[in-house]
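One-letter residues, chain by chain:
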Amino acid sequence: MKKFQYEIKDETGIHARPAGLLVKEAKEFKSNITVYAKGKSADATRLMAVMGMGVKCGDMVEVEADGPDEDEAIAAIENFFKVNL
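Calculation notes
- Residues numbered from 1 in each chain as written.
- Predicted model: local features only at pLDDT ≥ 70, side-chain atom pairs only at ≥ 80, totals over all residues.
- Heavy atoms only, no water.
- Core = buried A, V, L, I, M, F, W, Y, C linked by side-chain atoms within 4.5 Å.
- Buried < 20%, exposed > 50% of the residue type's maximum accessible area, 1.4 Å probe, protein only.
- Helix = DSSP H or I, 4+ residues; strand = E, 2+ residues; numbered from the N terminus.
- Arc of directions from axis to C-beta.
- Contact = heavy atoms within 4.5 Å.
- Salt bridge = Lys/Arg side-chain N within 4 Å of Asp/Glu carboxyl O.
- Phe/Tyr/Trp six-rings, centres within 6.5 Å; stacked < 30°, edge-to-face > 60°.
- Pairing = 2+ DSSP bridges.
- Axes fitted to C-alpha atoms, helices over the stretch in contact; angles between N-to-C directions.

Turning next to the nonpolar core. One finds Ile8, Ile14, Ile33, Val61, Val63, Ile77 and Phe81 to be the most contacted residues of the largest nonpolar core, which totals 26 residues. Looking at this core, the elements that each hand over two or more residues are strand S1 (2-7), helix H1 (16-26), strand S2 (32-37), strand S4 (60-66) and helix H3 (70-84). For this core, the element with the highest residue contribution is H3, accounting for six residues.

What follows is the structure in C-alpha cells.
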C-alpha cells in the first residue's frame with residue numbers, strides 16, 4: 001500500500017472537470033485507488049463519489065493505492081494532483 005497527502009490548490013477544488021480526469025486516470029490501473037478528505041473516502045474510479053466529497057481549495061486529501069501496480073498508480077495520481085489540482 002502506497003499513499004501521499006496533497007493540499008488542493010485549485011480555486012474551485014475538485015469540481016466536475018478535474019474529477020472526471022481523475023476518474024479516467026485511476027481507471028488505467030489495476031490497483032484500488034481511494035481518496036480521503038474531510039472524514040470521507042471515495043473510490044477514485046467513481047465520479048459521483050469523488051465529487052460528493054466536496055473538496056475545496058485548501059483542503060488536505062490523502063490518496064492511497066493498493067494492488068499489483070500501486071507504485072505506478074500512486075506516482076501517476078500524485079503527478080495528476082500536482083498538475084491539475
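Buried residues of H1: Pro18, Ala19, Leu22, Val23 and Ala26, and no others. Seen end-on, H1 carries its buried residues on one side only, within an arc spanning 140 degrees. Turning to H1, the residues buried within the fold contact S2, helix H2 (47-51) and H3.

The subject of this paragraph is the pattern of salt bridges. Pairs can form between side chains of opposite charge once their charged atoms are near each other. Taken as a whole and judged by the stated rule, the model has five salt bridges. Across the pair lysine 2 and aspartate 71 runs a salt bridge, and its minimum N-O distance is 3.5 Å. In this pair, lysine 2 is assigned in strand S1 and aspartate 71 in helix H3, connecting sequence segments 69 residues apart. Here lysine 38 and aspartate 59 are joined by a salt bridge, their closest N and O atoms 3.8 Å apart. You can see lysine 38 sitting in the loop between S2 and strand S3 (40-43) and its partner aspartate 59 sitting in the loop between H2 and S4, a full 21 residues away along the chain.

What follows covers the packing of aromatic side chains. If you walk through the whole model with that rule in mind, you get three aromatic pairs. For the pair phenylalanine 4 and phenylalanine 81, a centre-to-centre distance of 5.8 Å together with 75 degrees between the ring planes defines the contact as edge-to-face. With phenylalanine 4 in strand S1 and phenylalanine 81 in helix H3, the pair connects residues that are 77 residues apart, well separated along the chain. Arranged with centres 5.7 Å apart and planes meeting at 65 degrees, the rings of tyrosine 6 and phenylalanine 81 form a pair that is edge-to-face.

Moving on to the sheet that holds S4. Within a beta sheet, neighbouring strands are joined by backbone hydrogen bonds and run either parallel or antiparallel to one another. Sheet architecture is open: four strands sit in the order S1-S4-S2-S3, paired in antiparallel fashion. Across the chains shown, the open sheet's two edge strands, defined by having one partner strand only, are S1 and S3. The average undirected angle you get between the axes of adjacent strands in this sheet is 20 degrees. Where S2 and S4 come together, five bridges link them in antiparallel fashion. If you follow threonine 34 over to S4, its bridge partner there is glutamate 64.

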